[in-house]
Amino acid sequence: MSDLSLNPSTSAAAWKSLRNYAWNSPAVRKILVLALLALTWELAARFNAKPILFPSFVETMTALWQAITTENLLQASWVSMSVLLKGYAIALALALVLVSLAVASRFVRELLQTLISMFNPLPAIALLPVAMLWFGLGEKSLLVVLVHAVLWPFALAALTGFDSVPETQRLVGRNYGLRGPSYVARILIPAALPSILYGLKIAWAFAWRTLIAAELVFGVSSSNGGLGWFIFRNRNELFTDKVFAGLAMVIIIGLAVEGIVFRIIESVTVRRWGMQR
């Protein structure tokens, strides 16, 4: 009897503990937000009752599964991601070189700040006609646009982070005889890592949306169509559910990179070091 009498209170305590864990878990909260958005989407589509204009969430997920299993949507996604990773890596390397030189030279700093002021407000997609004129219809044009989309916002974030490094840490590096690349790698980059990670996130978002927009304009790259081309092709054929499926894949990849890749990097660096909450 005593065990039975304890069951209700034990169950209540377990339920309260589970509820507190769910409320305090960022992953659970995000899942709840996504579920709420999906429910809102489904209800709005059913109320609208025009699938050709606004397919429901269930129809979109069905089309997404069919596109993955029968239309090589994953291959199209990889085509886009492979081009993006190339442009992203090239732009990051260029930005780190320019920012490192700017730290060592006032002239290079003024030059870099001027270039950032000139080109950072310029939409990357606006360079697409020029890139197509110079490099033709293919991957090179996409890489030019991607490098422009990533280079300037990341350089701005990295330069701002380097400028915010406390003078005491700079003096420690100089007292140890660090100069040039070693000074940047051992003192400036670790101290400015929160700003650098922020720049990586912003640059990733710019690159991803720029790539999809560029693929929507001229589609194929190296004889293979990416996600943007998948969306464009299905829009021409009035397969609205597949268009939304392509958009959903764009969002899913964005959430995965933001919620997994960057979160892992933050957890093993700035959060572990106490530089960020």
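Counting restarts for each chain: residues are numbered from 1 in the order of the written sequence. Predicted model: local features are reported for residues with pLDDT of at least 70 only, side-chain atom pairs are reported and counted for 80 or more only, and whole-chain, interface and lining totals are derived from all residues. With hydrogens and water set aside, each side-chain value is computed from the structure's full complement of heavy atoms.

*Asks:* Got a minute to help me understand the packing of aromatic side chains in this structure?
*Replies:* Within a pair of aromatic rings, the relevant descriptors are the distance that separates the centres and the angle that separates the planes. Each Phe, Tyr or Trp ring (for Trp, its six-membered ring) is paired with any other whose centre lies within 6.5 Å, and the angle between the two planes then decides the class: stacked below 30 degrees, edge-to-face above 60, tilted in between. Here the structure, examined in full by the defined rule, presents eight aromatic pairs. Arranged with centres 6.5 Å apart and planes meeting at 5 degrees, the rings of tryptophan 41 and phenylalanine 54 form a pair that is stacked. Separated by 13 residues along the polypeptide, tryptophan 41 in helix H2 (residues 26-48) and phenylalanine 54 in the loop between H2 and helix H3 (57-70) bring together distant segments of the chain. Consider the rings of tryptophan 204 and tryptophan 208, whose centres lie 5.7 Å apart with planes at 10 degrees: the pair is stacked. Taken as a pair, tryptophan 204 and tryptophan 208 lie in helix H10 (residues 193-218) at a separation of four residues, close to a single helical turn. Residue tryptophan 204 shares its accessibility class with tryptophan 208, and that shared class is buried. Following the ring pairs from residue to residue traces out a cluster consisting of Trp41, Phe54, Phe57 and Phe244. For a lysine, the NZ atom is tested; for an arginine, the CZ atom; a charge sits over a ring if that atom is within 6 Å of the ring centre and within 35 degrees of the ring normal. For the cation-ring pair, lysine 242 lies above phenylalanine 239, with the distance from its terminal atom to the ring centre recorded as 4.8 Å. The helix count covers DSSP runs of H or I at least four residues long, the strand count covers runs of E at least two residues long, and both are numbered beginning at the N terminus. Burial status follows relative accessibility: with a 1.4 Å probe on protein chains alone, a residue under 20% of its type maximum counts as buried, one over 50% as exposed, and anything between as partly exposed.

*Asks:* Got a minute to help me understand a nonpolar patch on the surface in this structure?
*Replies:* Patch definition: residues above 30% relative accessible area lacking any salt bridge, with like charges linked at up to 9 Å and the nonpolar side chains Val, Leu, Ile, Met, Phe, Trp and Tyr linked at up to 5 Å. Areas reported as accessible are Shrake-Rupley estimates using a 1.4 Å probe. Residue values count occlusion only from the protein chains shown. Every case where a carboxyl oxygen of Asp or Glu lies within 4 Å of a side-chain nitrogen of Lys or Arg is listed as a salt bridge. A surface patch of nonpolar side chains, amounting to about 480 Å² of accessible area, comprises Val33, Leu34, Leu37, Ile251 and Leu255. Put simply, the parts of the chain that give the nonpolar patch at least two residues each are H2 and helix H12 (240-268). Broken down by element, the residue count for the nonpolar patch peaks at three residues, all from H2. Structurally, leucine 37 can be placed in helix H2. Its relative accessible area of 53% is what places leucine 37 among the exposed residues.

*Asks:* Please clarify how unusual backbone geometry should be interpreted in this entry.
*Replies:* One can expect most non-glycine residues to show negative phi and most peptide bonds to be in trans. Despite not being glycine, asparagine 72 has its phi angle at roughly 60 degrees, a positive value. The phi dihedral of leucine 238 falls on the positive side, at around 60 degrees, and the residue is not glycine. Looking at where leucine 238 falls in the secondary structure, it is placed in the loop between helix H11 (227-236) and H12. In this structure leucine 238 comes out as exposed when scored by relative accessible area, which is 58%.

*Asks:* Quick question: what am I supposed to make of H11 here?
*Replies:* In an α-helix, one turn spans 3.6 residues, which is why side chains three or four residues apart end up on the same side. Among all positions in H11, only Leu227, Gly228, Phe230, Ile231 and Asn234 are buried. Seen end-on, H11 carries its buried residues on one side only, within an arc spanning 160 degrees. Leucine 238 sits one or two residues past H11 and shows a positive phi near 60 degrees. The directions from the helix axis to the C-beta atoms form the arc being described.

*Asks:* Is there a simple way to explain the confidence of the model for the protein in this structure?
*Replies:* When pLDDT is low, close inspection of the predicted coordinates is not appropriate. A residue's pLDDT is the predictor's confidence in that residue, given on a scale from 0 to 100. Averaged over all residues, the pLDDT of the protein equals 82, while 86% of them reach at least 70. The element-level mean pLDDT for the protein is lowest in helix H1 (residues 2-24), coming to 61, with helix H5 (residues 106-119) highest at 91.

*Asks:* What should I look at first to understand the pattern of salt bridges in this one?
*Replies:* Between side chains of opposite charge, pairing is possible as soon as their charged atoms come close. All chains considered together, the criterion is met by five salt bridges. Close ionic contact of glutamate 139 with lysine 86 constitutes a salt bridge, the shortest N to O distance being 3.0 Å. Of this pair, glutamate 139 sits in helix H7 (residues 139-163) while lysine 86 sits in helix H4 (residues 73-104), and the two are 53 residues apart along the sequence. Across the salt bridge formed by arginine 109 and aspartate 163, the nearest N and O atoms sit 3.0 Å from each other. Taken together, the residues arginine 109 in helix H5 and aspartate 163 in helix H7 connect sequence positions 54 residues apart. Judged by relative accessible area, aspartate 163 falls into the partly exposed class, the value being 40%.

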